[in-house]
Amino acid sequence: MQIQEQIKIELRSKLISLTITAVVCSVLFLASLHINYQWEFIKEHVRFRRNSATQNGWIHTPQGMLRVYMFNVTNAESFLNGTDLRLKIEQIGPIAYHVTGLNEILSQTKDSLTFRRNPHNIFEFDPLASSSPDILNQTIIMPNIILLSSAAKLHDWVFFVRHAFNAITINESAFLKETINYFLWDFTIPTLSLLAHYVPNIVSNCGLLYNAQYLFDNPVHSLRQQIRYGVHSPKMQ
């Protein structure tokens, strides 16, 4: 009899344990129906935390490849002496650069951050994707756009300013013979540096890619944005 009673007690205990386990599992199952597991997985593994792999990868964002083409004037002398009425040009390029952007974090909280975006932070020359590995050192002839654009800007200014401009640019050539790297990154002349001190909105370096960086490095022109993350989860489908 004692053995039978002991067996009944053990069976009753097991039955109670199984019942409790079944109830707990049922409650957990019903609760899980309201959980978006995909969203929870994303929040955990793609969380925008400081110094996380996700955030570090976002700070330095590849922007793809930039291909630049330059145009070499082949009849500059004939055009200046009036023999040719039109410029003759030949296309040079491509000059390929890998572009990397920078998202500079200005402030960050638990659910939002404010950042300044510079899509053209780093230009890395790619000699293999360019028409020639040494193309940056190739010499070309281009119109002196600094001289021409400055003259156009000062065209409607007072006579004294136009006269002063003519005086300081009297020795400037209408065409410049320099390397491609010069026109892209270091397009400066003494006259331009002088004008930049006195004429508004004239920069001392007219290099094409130099100014692409300068435009966004300058806080006045930078793109300041705020984003929020991890606040609302999507609805279950």
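Just so you know, these numbers come straight off a predicted model, no measurement behind them.

## Considerations on the overall build of the chain
For step 1, the next point in the chain: Along the chain, the regular secondary structure elements total nine helices and six strands.
For step 2, the next point in the chain: A total of 237 residues make up the chain; the buried ones form 28% of that total.
For step 3, the next point in the chain: The contacts of the chain with a sequence gap of at least 6 include a subset with a gap of at least 24, amounting to 67%.
For step 4, the next point in the chain: When the accessible surface of the chain is split by element, carbon and sulfur atoms take 59% of a total near 16500 Å².

## Some thoughts on the nonpolar core
For step 1, the next point in the chain: One finds Met 70, Ile 95, Tyr 97, Ile 140, Ile 180, Phe 183 and Leu 184 to be the most contacted residues of the largest nonpolar core, which totals 20 residues.
For step 2, the next point in the chain: Leave out the neighbours within four places in its chain, and Phe 183 touches Met 70, Ile 140, Met 142, Leu 176, Glu 178, Cys 206, Gly 207 and Leu 208.

## A look at the packing of aromatic side chains
For step 1, the next point in the chain: On inspection of all chains with the given rule, the structure shows nine aromatic pairs.
For step 2, the next point in the chain: Here the aromatic rings of Tyr 182 and Phe 183 are separated by 5.4 Å at their centres, their planes lie at 80°, and the arrangement is edge-to-face. Each member of the pair Tyr 182 and Phe 183 is classed as buried.
For step 3, the next point in the chain: Aromatic pair Tyr 182 and Phe 187: ring centres 5.5 Å apart, planes at 55°, arrangement tilted.
For step 4, the next point in the chain: Residue class for Tyr 182 comes out buried when judged on its relative accessible area of 12%.
For step 5, the next point in the chain: The structure contains a cluster of three or more aromatic residues connected by ring pairs, namely Tyr 97, Phe 123, Phe 125 and Trp 185.

## Things to note about a nonpolar patch on the surface
For step 1, the next point in the chain: A contiguous nonpolar patch, built from Tyr 69, Phe 71, Phe 79, Leu 80, Leu 87 and Ile 89 and spanning about 550 Å² of accessible area, is present on the exposed surface.
For step 2, the next point in the chain: Those elements that place two or more of their residues in the nonpolar patch are strand E1 (60-73) and helix H4 (76-80).
For step 3, the next point in the chain: Assignment of secondary structure puts Ile 89 in strand E2 (residues 89-108).

## Notes on the pairing of strand E3 (residues 112-125)
For step 1, the next point in the chain: As judged from the 10 bridges shared by E2 and E3, these two strands associate in the antiparallel manner. Directly across from Thr 100, in E3, lies its bridge partner Ile 122.
For step 2, the next point in the chain: Counted between consecutive antiparallel strands, the loop separating E2 from E3 contains three residues.

## Brief notes about the pattern of salt bridges
Charged atoms that come close allow side chains of opposite charge to pair.
For step 1, the next point in the chain: This structure, assessed with the given rule, holds one salt bridge.
For step 2, the next point in the chain: Two residues, Arg 116 and Glu 104, come together in a salt bridge whose shortest N-O distance is 3.2 Å. Highlighted residues: Arg 116 in strand E3 and Glu 104 in strand E2, separated in sequence by 12 residues.

## Observations concerning the confidence of the model for the chain
For step 1, the next point in the chain: Mean pLDDT over the chain stands at 77; residues scoring 70 or higher make up 69%.
For step 2, the next point in the chain: The least confident element of the chain, judged by mean pLDDT, is strand E6 (residues 223-228) at 57; the most confident is helix H7 (residues 180-185) at 94.
For step 3, the next point in the chain: In the model, residues 231-237 has pLDDT below 50 throughout and makes nine contacts with residues more than four positions away in sequence or in other chains.

## Description of the side chain of Asp 126
For step 1, the next point in the chain: Tracing the backbone shows Asp 126 in the loop between E3 and strand E4 (139-143).
For step 2, the next point in the chain: This buried residue, Asp 126, is left without a salt bridge; Arg 67 holds the nearest opposite charge, at 7.4 Å.
For step 3, the next point in the chain: A polar contact of 3.3 Å, which involves the side chain of Asp 126, links it to the backbone nitrogen of Ala 129.
For step 4, the next point in the chain: Non-local contacts of Asp 126, meaning those with residues more than four positions away in its chain, are made with Met 65, Ala 96, Tyr 97 and His 98.

## Some words on the environment of Thr 179
For step 1, the next point in the chain: Inspection of the secondary structure assignment puts Thr 179 in strand E5 (residues 175-179).
For step 2, the next point in the chain: Note on Thr 179: relative accessible area 25%, which makes it partly exposed.
For step 3, the next point in the chain: Not counting residues up to four positions away in its chain, the partners in contact with Thr 179 are Leu 136, Asn 137, Gln 138 and Thr 139.

## Some remarks on the side chain of Asp 84
For step 1, the next point in the chain: With respect to the helices, strands and loops of the structure, Asp 84 is situated in the loop between H4 and E2.
For step 2, the next point in the chain: Look at Asp 84: it is buried, it has no salt bridge, and the nearest opposite charge is Lys 88 at 4.3 Å.
For step 3, the next point in the chain: A distance of 3.0 Å separates a polar atom in the side chain of Asp 84 from a polar atom in the side chain of Asn 75.
For step 4, the next point in the chain: Sequence-distant contacts of Asp 84, that is, excluding residues within four places in its chain, are made with Asn 75, Ser 78 and Phe 79.

About the thresholds
- For every chain, the first residue of the written sequence is number 1, and numbering continues from 1 onward in sequence order.
- Thresholds applied to this predicted model are a pLDDT of at least 70 for local features of residues and 80 or more for the giving and counting of side-chain atom pairs; totals over whole chains, interfaces and linings are not thresholded and use all residues.
- Excluded from the side-chain calculations are hydrogens and water; all other atoms, namely the structure's heavy atoms, are used.
- The numbering of helices and of strands both runs from the N terminus, where a helix is a DSSP run of H or I of at least 4 residues and a strand a run of E of at least 2.
- Note on classification: 1.4 Å probe, protein chains only; a residue is buried when its accessible area is under 20% of the maximum for its type, exposed when over 50%, partly exposed between these limits.
- Here a residue-residue contact requires only that any non-hydrogen atoms of the pair lie within 4.5 Å.
- Only the protein chains shown count as cover for residues, and the accessible areas themselves come from Shrake-Rupley with a 1.4 Å probe.
- Side-chain atoms within 4.5 Å are what join buried Ala, Val, Leu, Ile, Met, Phe, Trp, Tyr and Cys residues into a set we call a nonpolar core.
- Stacked, edge-to-face and tilted labels apply to pairs of Phe, Tyr and Trp rings (six-membered ring for Trp) whose centres lie within 6.5 Å, assigned for plane angles under 30 degrees, over 60, and everything in between, in that order.
- Candidates for patches are residues over 30% relative accessible area with no salt bridge; among them, like charges are joined within 9 Å and nonpolar side chains (Val, Leu, Ile, Met, Phe, Trp, Tyr) within 5 Å.
- Salt bridge, as used here, is a side-chain nitrogen of Lys or Arg placed within 4 Å of a carboxyl oxygen of Asp or Glu.
- Think of it this way: DSSP has to see at least two bridges between two strands before they count as a pair.
- The predictor's confidence in any single residue is recorded as pLDDT, a number from 0 to 100.
- In this tally Asp and Glu are treated as negative and Lys and Arg as positive; neither His nor the chain ends contributes.
- For the purposes of these results, a polar contact is taken to be a pair of N or O atoms within 3.5 Å, where, inside protein, one atom must be able to donate a hydrogen and its partner to accept one; residues adjacent in sequence count only when each atom of the pair is a side-chain atom.

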